[in-house]
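Reading the structure
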Amino acid sequence: MPEKTAKTAAKATGSKTNAPKVAAKAPAKTPVKAAPPKAAVVAPKAPAKPAAAAAPRVEEPKKVVTQRQGFKANEFVVYPAHGVGQILAIEEQEIAGAKLELFVINFMKDKMTLRVPTAKVANVGMRKLSEPALVKKALETLKGRARVKRTMWSRRAQEYEAKINSGDIVAIAEVVRDLYRSESQPEQSYSERQLYEAALDRLSREIAVVQHSTETEAVKEIESQLAKSPRRGAKTEATEADGEADEADVEADGDDAAVADEAA
């Protein structure tokens, strides 16, 4: 019995001596793992992001302009060179270091979007839609007698184009009236037909928007007014024949003058 107790006591003392070695190794590893200085270096980088987000450039798109030069967003307007369009927005752009305010105008039928500087509205002739009274005057114009000048077609074509691109609804109605041909009249030339359709398209678009109707209904109304015109007979054909004869005379005179100049 005394020998067993001595062995157990020796084992106990041996385990006690080994215990501190393990305990001594554990604290030696802990200081290596805990290295706080690196976390202290990364931490200051976090506040740098809010500073970039607070830049004034982010706030610029928030500025929304709804009205300029008497025109509002979503309003229908008449742009002389293209007819009736709708203002989608009024935006600000920076071009060559200068800030410009622009009307963004959409021409749905032509599938085109145009940007017009707000300061150039008067120069390009952009205007609001015609009043109902002015539309009525244009429709009354269609019932009048056609006024065809006895000049060369090229000169008349230039005058018709100028009226169409003027943006004046009454002037456009005059082009429709003068170039309209009924079924009993001879067919138009290709250039005449093109000008007539361009004028009819401009006129019908504006009438449709003003009267809150479709373009098809506006075209029917225009044609019904044209049918009430007093001409559409032999007199018109005779007038046009006289005009063509005058054109031939003018061209012949021009040729004779050119020959005379060459002979001189």
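Everything quoted here is computed from the prediction, not taken from an experiment.

1. As for the overall build of the protein
Within the protein, the regular secondary structure consists of 10 helices and 7 strands. Per-residue burial for the protein yields a buried fraction of 29% across its 264 residues. Sequence separation of 24 or more characterises 57% of the internal contacts of the protein that already satisfy a separation of 6 or more. Summing over all exposed atoms, the protein offers an accessible surface of approximately 17600 Å²; the carbon and sulfur share of this is 57%.

2. A look at the packing of aromatic side chains
On inspection of all chains with the given rule, the structure shows 4 aromatic pairs. On the basis of an interplanar angle of 50° and a centroid distance of 6.1 Å, the ring pair of Trp153 and Tyr160 is categorised as tilted. With 6.2 Å between their ring centres and 45° between their planes, Tyr180 and Tyr196 make a pair best called tilted. Of the two residues, Tyr180 sits in the loop between helix H7 (169–179) and helix H8 (190–211) while Tyr196 sits in helix H8, which places them 16 residues apart along the sequence. Take Tyr180: its relative accessible area is 18%, and that puts it in the buried class. Taking the relative accessible area as the measure of exposure, Tyr196 reaches 4% and is therefore buried.

3. Observations concerning the pattern of salt bridges
In total, this model carries 13 salt bridges according to the counting rule given. Glu215 is the salt-bridge partner of Lys109, the closest N and O atoms lying 3.0 Å from each other. Of this pair, Lys109 sits in the loop between strand S5 (98–107) and strand S6 (112–117) while Glu215 is found in helix H9 (residues 215–226), placing the two residues 106 residues apart along the sequence. A relative accessible area of 29% places Glu215 in the partly exposed class. In this structure, Glu140 engages Lys143 in a salt bridge whose closest nitrogen and oxygen atoms are separated by 3.2 Å. Judged by its relative accessible area of 26%, Lys143 is partly exposed. The structure contains a network of salt bridges with shared partners spanning Lys109, Asp110, Asp201, Arg205 and Glu215.

4. With respect to the sheet that holds S5
One open sheet holds the 5 strands; their spatial order is S6-S5-S4-S3-S7, and the pairing between them is antiparallel. A single partner strand is all that each edge strand has here, and the edge strands are S6 and strand S7 (127–128). Strand direction decides the pairing type here: strand S4 (residues 83–95) and S5, joined by 9 bridges, are antiparallel. In the sheet register, Glu91 faces S5, and the bridge partner there is Leu102. Relative to S4, H8 is tilted by about 90°, and along the sheet it contacts strand S3 (76–79), S4 and S7.

5. Here's the deal with the nonpolar core
Leu142, Val176, Leu203 and Ile222 are the most contacted members of the largest nonpolar core, which has 27 residues in total. Breaking this core down by element, the ones donating at least two residues are helix H5 (132–141), helix H6 (153–164), H7, H8 and H9. The element contributing the most residues to this core is H8, with 8 residues. Once residues within four sequence positions are removed from consideration, Val176 is found in contact with Leu142, Tyr196, Ala199, Leu200, Leu203, Ile222 and Leu226. By size, the runner-up hydrophobic cluster in this structure holds 11 residues, among which are Ile87, Phe103, Phe107 and Val121.

6. Topic: empty space enclosed by the protein
According to the stated counting rule, one finds 1 cavity of 30 Å³ or more in the structure shown. Of the voids in this model, the largest cavity is the one considered here, and its volume is about 50 Å³. Lining the largest cavity are Val78, Tyr79, Pro80, Gly83, Val84, Ile164, Gly167, Ile172, Arg202 and Glu206. Elements with a minimum of two residues in the lining of the largest cavity: S3, S4 and H8. Looking at the lining of the largest cavity residue by residue, the class counts come to 6 nonpolar, 2 polar and 2 charged.

What counts, and where the lines are drawn
Residues numbered from 1 in each chain as written. Predicted model: local features only at pLDDT ≥ 70, side-chain atom pairs only at ≥ 80, totals over all residues. Heavy atoms only, no water. Helix = DSSP H or I, 4+ residues; strand = E, 2+ residues; numbered from the N terminus. Buried < 20%, exposed > 50% of the residue type's maximum accessible area, 1.4 Å probe, protein only. Contact = heavy atoms within 4.5 Å. Areas by Shrake-Rupley, 256 points an atom, 1.4 Å probe, with all protein chains shown as cover. Phe/Tyr/Trp six-rings, centres within 6.5 Å; stacked < 30°, edge-to-face > 60°. Salt bridge = Lys/Arg side-chain N within 4 Å of Asp/Glu carboxyl O. Pairing = 2+ DSSP bridges. Axes fitted to C-alpha atoms, helices over the stretch in contact; angles between N-to-C directions. Core = buried A, V, L, I, M, F, W, Y, C linked by side-chain atoms within 4.5 Å. 1 Å grid on protein atoms, 1.4 Å probe; cavity = no way out; pocket = protein on both sides within 12 Å on 5 of 7 lines; lining within 4 Å. Points joined across faces, edges and corners; volume = space filled by probe spheres on them. Nonpolar A, V, L, I, M, F, W, Y, C, P; charged D, E, K, R; others polar.

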